[in-house]
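Secondary and tertiary structure notes
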Amino acid sequence: MREDEIYLLTKQWVVNQELHVLGGQPPNGTDRFPVIEIKSDEHSEKGSRTSYKPDLIVATSDHLLIIECKPLFNFEDVSKLKEIAESLPRLEAFIGELRQRRSLERRNHSLSQLSDRELISRTRFCVAYSGEHHPVPNMYSLVFSPDGSKYSLYFGDSIAENVSN
Amino acid sequence: MALQAFCDDLNEFSWFITLDHRLESAEFLRIGRRGTNPPVVDSLIVYDRPDVILVKDGKPVVTIEKTREVPTGHNVGQRVARLVRSVELGIPTIKFFPFDARKHGTHSSMCNLNARLLLAFENMWKIHATPMMAVNWPSDSHGELFEDESADQQLQELLAGYIRSGFDPNCKEFRQARVDQIAEYSSRCETYEAYGNPPPSLRIERTADVLRELGIASNSLDARKLLQKDESVVYEIGMTEEKCRREDPYTGTQFIYDYLYCRNGPRPGDKNRNLILYFPNIRQRVWNSKNPDDSTRKSSNWYLTASAHVYRDGWTFFR
């Protein structure tokens, strides 16, 4: 499968779960929702090479989910997400972007009532791909069958909660 | 009728076919590298690749470009070359983008469309007798773009009318879009008068004065050809030699200025003023090595419509 196919399957999965897409960036072209840019610690300017634009940003009933899509399991994606997860300035930048766009407020989403600190603690990460499952601690893995007809959602070691609307 | 939608991406295709129920049967085909597509598509992508090309019974019937960016400031010309190619080939063309939206970042503010683009589109329409339409992606009072189906409503209505008419470029929806486009231009010029005049990066002067200012001897054969047009438009591009291997947004902007201030016919040579691209910081040798007129490279877009290039130490006449 190609990256745009995984992106589309993941987006469809999000819709089927009745979750809210807040932002993201398809592999090519443009989608309806905004591109959210998470700037690096050192470079605060827009368009910086080290800034990161997640493929999909989703709000569940209790969490924010940052999803990276690739045709096959990609360790670089895991590292990229891990880097964000372990950097408080980048998580703050992420929440700041959502606040500036009023992404949760415009949807009257209950998460909009939470403080930035609380939203940071409720940010989760997910890698989406097709093929065999590769366990990743602290992250969800959304794994599609090679023909895209089936999927499985795996929880990383330390994740207890399911994804729900 | 057999419909094919050539797109770069499955996501773009899946959006496009939701615009009208009669598009649901369209076959998805990826736009491949040049030389790998049907000739009608290859011919359309010689300047650059649009987002969607709808082909009906083997003939392109509409080209669509979609972007979340408001064409303003330096970036107004981005994506324009690919649209020009489409109208040059007589294919109705739509650019779907926000006229007004909020820019995010440290200095968040509202961005408004550079209205000159609308007049350039009208001139393209007139010159090529082919619809060239700007369709607004609406935003809310905070400047955030609509994200639900209502975002596409105007585009849907336009396409529905076009399809219903049997893909008649003269359908009433397109005619109305033209009226609206001109009205939008006038209304924006009333709000911001500067859009009724050339931008600061451009000057319109007598050709003889331009040649003198740029240090071009007026007795050469090429200079005499330029002098056949009384006036010239000089578009000054301040790129440095280190950063001159690029096209966007300048090669699109040159078309906007061409259609606004120079063009009077469908061929690049049909001009009532010369269009001179002036690079005051770049030597000719450096330019030629970094931006050759090589049809396999996007740098060839620099040579599509200008009358001449003037560099720090020389110049080249084209048409």
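All figures in this text were calculated on a predicted structure; none of them were measured in a lab.

Counting its regular elements, chain B contains 10 helices and 13 strands. Viewed in the frame of its principal axes, chain B has a C-alpha envelope of about 60 × 45 × 40 Å. Going through the 319 residues of chain B one by one, you find that 53% of them count as buried. Nonlocal contacts in chain B, meaning residues at least 24 apart in sequence, comprise 65% of its contacts between residues at least 6 apart. Accessible area for chain B stands at about 13600 Å²; split by element, carbon and sulfur atoms hold 47% of it.

In terms of helices and strands, chain A carries four helices and six strands. Seen in sequence order, chain A has helices and strands lined up from the N terminus as α-β-β-β-α-α-α-β-β-β. Taking 15 Å as the expected radius of gyration for a compact globule of 165 residues, we find that chain A reaches 15 Å, a close match to that expectation. Along the first, second and third principal axes, the C-alpha set of chain A runs to 40 × 35 × 30 Å. Per-residue burial for chain A yields a buried fraction of 49% across its 165 residues. A sequence separation of at least 24 residues applies to 56% of the contacts in chain A between residues at least 6 apart. As presented, chain A carries roughly 7800 Å² of accessible surface, and 46% of it is formed by carbon and sulfur atoms. Side chains of chain A give 20 positive and 25 negative charges; the mean places of these two sets differ by 6 Å.

Next up on the list: the domain arrangement of chain B. Residue and element names in this part refer to chain B. By the assigned domains, chain B splits into domain 1 (3-194) and domain 2 (202-317). The centre of domain 1, based on its C-alpha atoms, is set 28 Å off from the matching centre of domain 2. If you look at the interface, domain 1 gives 21 residues, while domain 2 gives 20 residues. Summed over both partners, the interface of domain 1 with domain 2 comes to about 1700 Å²; 63% of that surface belongs to carbon and sulfur atoms. Among the residues of domain 1 in contact with domain 2, Tyr-47, His-74 and Ile-127 are the three that bury the most area, contributing 30% of the side total. Connecting domain 1 to domain 2 are one salt bridge.

Residues and elements named next belong to chain B. In a regular helix each residue adds 1.5 Å, so 12 residues correspond to 16 Å; helix H5 (residues 153-164) covers 16 Å between its end C-alpha atoms and thus fits that length. Summarising the contacts, the buried residues of H5 are in contact with helix H1 (10-16), strand S4 (59-66), strand S5 (93-97), strand S8 (132-136) and helix H6 (172-191). Gly-166, located one to two residues past H5, shows a positive phi value of around 75°.

Let us look at the side chain of B:Thr251. Relative to the helices and strands, B:Thr251 is located in helix H9 (residues 250-262). With residues up to four places along the chain from it excluded, the contact list for B:Thr251 reads B:Asn301 and B:Trp302.

For the rest of this paragraph, the subject is the interface of chain A and chain B. Across the boundary between the two partners, chain A contributes 24 residues, which contact 25 residues of chain B. The junction of chain A with chain B conceals about 2100 Å² of combined surface from both sides, 43% of it contributed by carbon and sulfur atoms. Area buried by chain A at its contact with chain B is led by A:Thr30, A:Arg32 and A:Gln100, which between them contribute 37% of it. For the pair chain A and chain B, the interface holds four salt bridges. As a salt-bridge pair, B:Arg30 and A:Asp4 come within 2.7 Å of each other at their nearest N and O atoms. Applying the counting criterion to the chain A and chain B interface returns 15 residue pairs in polar contact (both at pLDDT 80 or more). Of all the secondary-structure elements, those providing two or more residues to the side of chain A that touches chain B are helix H1 (3-16) and helix H3 (88-101) of chain A. Examining the composition of the side of chain A that touches chain B, we find that five residues originate from one element, H1(A), more than from any other. The residue inventory of the side of chain A that touches chain B, partitioned by class, reads eight nonpolar, five polar and 11 charged.

Now for the pattern of salt bridges. Residues and elements named next belong to chain B. Taken as a whole, this structure holds 40 salt bridges over all chains when the rule is applied. Glu-173 is the salt-bridge partner of Lys-172, the closest N and O atoms lying 3.3 Å from each other. A relative accessible area of 17% means that Glu-173 is categorised as buried. Asp-209 is the salt-bridge partner of Arg-212, the closest N and O atoms lying 2.4 Å from each other. Of the two residues, Arg-212 and Asp-209 are both situated in helix H7 (residues 207-213); the distance of three residues between them amounts to about one turn of the helix. Look at Asp-209 and you get partly exposed, because its relative accessible area is 23%.

Analysis parameters
Residues numbered from 1 in each chain as written. Chains lettered and ligands numbered in written order. Predicted model: local features only at pLDDT ≥ 70, side-chain atom pairs only at ≥ 80, totals over all residues. Heavy atoms only, no water. Helix = DSSP H or I, 4+ residues; strand = E, 2+ residues; numbered from the N terminus. Buried < 20%, exposed > 50% of the residue type's maximum accessible area, 1.4 Å probe, protein only. Contact = heavy atoms within 4.5 Å. Areas by Shrake-Rupley, 256 points an atom, 1.4 Å probe, with all protein chains shown as cover. Rg over C-alpha atoms; globule rule 2.2 N^0.38 Å. Lys, Arg positive; Asp, Glu negative; His and termini not counted. Charge placed at Lys NZ, Arg CZ, Asp CG, Glu CD. Domains from an automatic or database assignment. Buried area = accessible area lost by both parts, 1.4 Å probe. Salt bridge = Lys/Arg side-chain N within 4 Å of Asp/Glu carboxyl O. Expected span 1.5 Å × (residues − 1). Polar contact = N/O pair within 3.5 Å; in protein donor to acceptor, adjacent residues only side chain to side chain. Nonpolar A, V, L, I, M, F, W, Y, C, P; charged D, E, K, R; others polar.

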